[in-house]
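Below, each chain spelled out in residue letters.
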Amino acid sequence: MRILSLDYASNLPGSMRHMKGGTERFARDFSAHVVEQGHNWIGVVQGPPEQTAAWEACGEEGGKQFFRIAARSMPLEDFASFKNVEEVAQEFQFEIASIRATIRATHPDIVFLNGFSQYSWLLLRAAAEEGIPTVFQHAGIEVLAMSYYTDLYSEGSLYIKALLERNATETATANIFLNEHSRKACIESVHPNTMSGVSILPLPHAGWGYRESVPRVSETRSIGVVARWERGKNHAALVALAKEIQEQSLPWTITAVTAIPSTQKNLEFKEEYRSLIKVLAPMDHEALRAFYKEQDICLLPSLFETAGGVVAEALAKGTPTLISEGVGWVDEYRETGMDSWIVDFSDPKKVVETLKKQFARTQWPETAKLAAYIQEHHDPKKVFTQYLSVFESLTK
């Protein structure tokens, strides 16, 4: 098969750019598996609108080809001027035509959308116009992510962005969700009228070797967080928790791996955050492994999270994660006896009490069950093989 997919500058041959998140890692790892299995990967990267050519080859490595498409990134607020999806397509007809030209030149069998964005919608629209089957992986639910920013964006702009996500869901030949939690969230928030070829395929774990989770005997505690600086990640809950820890004079330290924007927006909150929480800059995977290993427990307080790689990555280094009800791992936690690791982060006193109980234990046998579950169901080769099976079913 020839698979044309949304890809990223960090994955280009020779790139020195730092990988920013799970979708970029997924593209890197999945593309490697695709090539190993004898298929071809065509990575399409969003380029600057001022580049000389509308689309151009920008690298080749093994069975991978990369193309850069000149495409604008329109500010969200500007979407308020549109009344429907067709008006958006008309506005971006140049970009769509460029992607269609790339499709005709590369002859893909499948177009794969690794997450949703303005750019991925353009890929889907172009593929649909060319009659190419499309697979939409719902790595996030954009409608929910944007719902935490209603004070910054108008109702009209959020409405059109929601329409685009619904259109992508309805147009895709197949829709892949990381768990039942995110499938339900999509139905409840995106409100698709139809949804074809639905599959539940888990987030592949990075493949790190597992070590046993053993509670340390210590008064001092290290609590870790790895999260982008977004409202949906619920950094506000971490500040409230840090205040409660301080109020109770507990010898616990919260350390967050995140990048706080150097802007004047929410400056008071940022300063308070830095005063209560130790902040480390985003780091590569090797450094991240060491970070997880140093923590007693990690936290994932997200208001909504389709999955969250932190759970598997931290557990692989022997560190369990306390999660909120909004995190996609909730069903797997309950299935493996991890119920006591799900907590309401809106109540910092309750979070502290939960942490105290976990720290007081001499064993965490349920974490071994979750680790075994992840190794069986989230194995990268197994998950990627399932993806290819979905693709192959659409090309017969």
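Residues numbered from 1 in each chain as written. Predicted model: local features only at pLDDT ≥ 70, side-chain atom pairs only at ≥ 80, totals over all residues. Heavy atoms only, no water.

Enquirer: Let's hear about the overall build of the chain: which residues, and what values?
Expert: A count of helices and strands for the chain gives 15 helices and 13 strands. Here the C-alpha atoms of the chain give a radius of gyration of 22 Å, agreeing with the 21 Å that 2.2 N^0.38 yields for 396 residues. Each principal axis of the C-alpha atoms in the chain carries an extent, and together these give about 65 × 45 × 40 Å. Residues counted as buried form 53% of the 396 residues belonging to the chain. (Helix = DSSP H or I, 4+ residues; strand = E, 2+ residues; numbered from the N terminus. Rg over C-alpha atoms; globule rule 2.2 N^0.38 Å. Buried < 20%, exposed > 50% of the residue type's maximum accessible area, 1.4 Å probe, protein only.)

Enquirer: Go over the environment of F384 with me, naming the residues and quoting the values.
Expert: Position of F384 among the secondary structure elements: in helix α15 (residues 380-395). You can call F384 buried: its relative accessible area is 4%. Separated by 180 residues in the primary sequence, F384 and P204 have C-alpha atoms spaced 7.8 Å apart.

Enquirer: Kindly report on unusual backbone geometry, identifying the contributing residues and their values.
Expert: Non-glycine residue H107 carries a positive phi angle of around 55 degrees. Topologically, H107 is positioned in the loop between α3 (93-106) and β5 (110-114). Taking relative accessible area as the criterion, H107 reaches 57% and is therefore assigned exposed.

Enquirer: Give a description of the sheet that holds β5 that names residues and reports values.
Expert: One open sheet holds the eight strands; their spatial order is β3-β4-β2-β1-β5-β6-β7-β8, and the pairing between them is mixed. The open sheet has two edge strands with one neighbour each: β3 (55-61) and β8 (198-200). Across the sheet, the axes of successive neighbouring strands diverge by a mean angle of 20 degrees, strand direction being ignored. With respect to the sheet, helix α4 (residues 118-130) is in contact with β1 (2-6), β2 (40-47), β4 (64-70), β5 and β6 (134-138), its orientation differing from that of β5 by roughly 165 degrees. Along the sheet, helix α6 (residues 155-171) contacts β6 and β7 (174-177); its crossing angle with β6, the most-contacted strand, is approximately 130 degrees. (Pairing = 2+ DSSP bridges. Axes fitted to C-alpha atoms, helices over the stretch in contact; angles between N-to-C directions. Contact = heavy atoms within 4.5 Å.)

Nothing here speaks to function; it is all geometry.
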